[in-house]
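Letter by letter, the chains look like this.
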Amino acid sequence: MRFSSQPRPTRSAMLCFLSLASVSLAADADKTTTSTACTASSTSGAFFDLRPDTALKKGPDGEKRANGAPTVDYHARGYDYGSNFTLNICGAVVEPVESVIGVEDSKWQNISAYYTSKGDVYSLGLQSGDLVSRGKELVLQYTGGSPCGKNKKRDESDIAKRSSIHSSAAYRDPDYEREENVSATSTSWAKASKETDTPKRTKSATVFFSCDRDPAAGAAQVSFIATDPDECSYVFKVKSQHACAGVEPHKPGSVGPGSVFLIIFAIAVLVYLLGGIFYQRTVANARGWKQLPNYTMWASVWSFICDFFVIATSSCARLLPNRRGYHYVSGSPAGRGRSNREDENRLIDQYDEEWED
């Protein structure tokens, strides 16, 4: 075969083209995360969109949203925890909260989950739309809530009671007072050093989503699962129809599967033409149209297409009625042919007779 003697520069050029194309496609395939809030895509190509589950405030006239989004917060019972929870999905709670323990006033409007205990409001984290797909789990996490630990008012009240008992004592030994001052100083120093050395932990909420394929199910259902002994991390589970895997909608300006196929096809055709022309011109010394790779094959294909077009057009032309001239209304073609031959024979005999005369 003549193609076996293809020079190495042509092969290297073709390999460079193909490697560049494969690198670009691999880079596009690695982008499985989305920049849109409250959406996520997995490595298998599944797409999740929980934006319809986000509770929104009603319109200025008290009207509901046109997209059918919920207008109230989600509630979860705490059961043995002793408090119920209020939260929203990928957004701040609809009902505003105030006097939140350990959270700045400017951040109250960004709280996404909280609970109330003995009249005090504790935040479980600020709003976040970073939805993450980890394997088969769909996870959303809120951070930056109130300080961790149980209610500290009880501990403070116990300390105040103990100090009042010591201060009301009738007799106080000087050694006891000196020891008490030393212990108080050491305690305050240890407390200050502990507060400066150890980072301040805050409450957080982790929300797991599961697919609800029940067609009769309405809004998402939120359930409280558990919390750690320090009451720092809270776990919730949400069942929603929007947590089922779907197909990511095509975005304007993005490259879809069809565009990727066309790009690969165009690169392959370009490499085929350039490599073939280079080979035919340099090795086979071809000129003109014969420089094209496999010119004989493509020429025969083109002639076949032309012949097929001529046959098709001529067949269609026969079906069209004639505009001018005469045509037979009745009679068979065989009869017409026989009469024409008789007329010719008669005319020939007449010419023979005239010639003999």
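As a reminder, the structure under discussion sits directly above these lines.
Everything in this summary refers to the structure shown in the same document.

Procedures and definitions
Along every chain, residues carry numbers that run from 1 in the direction the sequence is written. Residue-level local features of this predicted model are given only where pLDDT is at least 70; pairs of side-chain atoms are given and counted only at 80 or more, and the full residue set underlies all totals for whole chains, interfaces and linings. Processing note: side-chain calculations cover all non-hydrogen atoms of the structure and skip hydrogens and water entirely. Numbered from the N terminus, helices here are DSSP runs of H or I no shorter than four residues, and strands are runs of E no shorter than two. Accessible area is worked out with a 1.4 Å probe on protein chains only. A residue is then buried under 20% of its type maximum, exposed over 50%, and partly exposed in between. In this analysis, two residues are considered to be in contact whenever any of their non-hydrogen atoms come within 4.5 Å of each other. In this description, accessible areas are obtained by the Shrake-Rupley approach with a 1.4 Å probe, and a residue is regarded as covered only by the protein chains that are shown. A pair of sulfur atoms, both from cysteines and within 2.5 Å, is called a disulfide here. Pairs of strands are assigned from DSSP output, requiring at least two bridges between the strands. Only residues whose relative accessible area exceeds 30% and that form no salt bridge enter a patch; like-charged residues are grouped when within 9 Å of one another, and nonpolar side chains (Val, Leu, Ile, Met, Phe, Trp, Tyr) when within 5 Å. Basic side-chain nitrogens of Lys or Arg form a salt bridge, by our definition, when they fall within 4 Å of a carboxyl oxygen of Asp or Glu. We count Lys and Arg on the positive side and Asp and Glu on the negative side, and we leave His and both chain ends out. One atom stands in for each charge, and that atom is NZ of Lys, CZ of Arg, CG of Asp or CD of Glu. Stacked, edge-to-face and tilted labels apply to pairs of Phe, Tyr and Trp rings (six-membered ring for Trp) whose centres lie within 6.5 Å, assigned for plane angles under 30 degrees, over 60, and everything in between, in that order. Each helix should span, by expectation, one fewer than its residue count multiplied by 1.5 Å. For helices, the fitted line uses only the C-alpha atoms of the stretch in contact; every axis is such a line through C-alpha atoms, and the angle between N-to-C directions lies from 0 to 180 degrees.

### A closer look at the overall build of the chain
Here's step 1: Check the secondary structure of the chain and you find six helices and 12 strands.
Here's step 2: For the chain, the proportion of its 357 residues judged to be buried stands at 25%.
Here's step 3: Looking at the chain alone, contacts between residues at least 24 apart form 55% of all its contacts between residues at least 6 apart.
Here's step 4: Accessible area for the chain stands at about 26200 Å²; split by element, carbon and sulfur atoms hold 58% of it.

### Thoughts on the environment of T71
Here's step 1: With respect to the helices and strands, T71 occurs in the loop between β2 (47-49) and β3 (74-76).
Here's step 2: As for T71 and A55, which are separated by 16 residues in sequence, their C-alpha atoms are 5.1 Å apart.

### What to know about the state of the cysteines
Cysteine pairs can be covalently joined through their sulfur atoms, and such a bond is termed a disulfide.
Here's step 1: Taken as a whole and assessed by the stated rule, the structure comprises three disulfides.
Here's step 2: The side chain of C148 participates in a disulfide bridge whose partner is C232; the two sulfur atoms lie 2.0 Å from each other. Measuring the twist about the S-S bond at about 45°, one finds the C148-C232 disulfide to be right-handed. Taken together, the residues span a long stretch of sequence, with C148 in the loop between β9 (137-142) and α2 (153-167) and C232 in the loop between β11 (221-227) and β12 (233-240) at a distance of 84 residues. Accessibility classification places C148 together with C232 in one group, the buried group.

### Observations regarding the pairing of β9
Here's step 1: Two elements, strand β8 (residues 132-134) and β9, share three bridges in a ladder whose sense is antiparallel. Residue pairing for β9: S133 is matched across the bridge by L138.
Here's step 2: Where β9 and strand β10 (residues 204-211) come together, five bridges link them in antiparallel fashion. Counterpart to L138 in the pairing with β10 is F209.

### Digging into a negative patch on the surface
Here's step 1: Judged by side-chain charge, D349, D352, E353 and E354 come together as a negatively charged surface patch.
Here's step 2: Mapped onto the secondary structure, E354 falls in helix α6 (residues 333-356).
Here's step 3: Overall, the relative accessible area of 48% leaves E354 in the partly exposed class.

### Here's the deal with the packing of aromatic side chains
Here's step 1: Following the criterion strictly, the structure yields 12 aromatic pairs and no others.
Here's step 2: Ring centres of Y81 and F85 lie 5.5 Å apart, and the angle between their planes is 35°; on these two criteria the pair is classed as tilted. Each member of the pair Y81 and F85 is classed as buried.
Here's step 3: Joined through ring pairs, the aromatic side chains of Y81, F85, Y115, Y122, F224, Y234 and F236 make up one cluster.

### Details of helix α4 (residues 257-282)
Here's step 1: Between its first and last C-alpha atoms α4 spans 38 Å; for 26 residues at 1.5 Å apiece the expected length is 38 Å, and the two agree.
Here's step 2: Among the residues making up α4, those that are buried are V271, G275, G276, Y279 and Q280.

### A few points about the sheet that holds β8
Here's step 1: Pairing is mixed in the open sheet, where five strands are placed in the order β8-β9-β10-β12-β11. Every other strand in the sheet has two partners, leaving β8 and β11 as the edge strands with one partner each. Strand after strand, the sheet turns through a mean of 30° between neighbouring axes, direction not considered.
Here's step 2: As defined by bridge partners, β11 adjoins β12 across six bridges and the pair is classed as antiparallel. When the sheet's bridge partners are listed, V222 is paired in β12 with V238.

### Describing unusual backbone geometry
Here's step 1: Phi is positive for S99, close to 55°, though the residue is something other than glycine.
Here's step 2: Here S99 is to be found in the loop between β4 (85-87) and β5 (100-101).
Here's step 3: We classify S99 as exposed; its relative accessible area is 52%.
Here's step 4: Despite not being glycine, K118 has its phi angle at roughly 55°, a positive value.

### Regarding the environment of Q280
Here's step 1: Looking at the element boundaries, Q280 is found in helix α4.
Here's step 2: Residues Q280 and K290, spaced 10 residues apart in sequence, show a C-alpha to C-alpha distance of 7.7 Å.

### Section: the sheet that holds β5
Here's step 1: Spatially, β3-β4-β6-β7-β5 is the arrangement adopted by the five strands of the open sheet, whose pairing is mixed. Edge positions in the sheet fall to β3 and β5, since each has one partner strand and no second.
Here's step 2: Examined bridge by bridge, β4 and strand β6 (residues 111-117) share three bridges and lie antiparallel to one another. Looking at the pairing, L87 lines up with A113 of β6.

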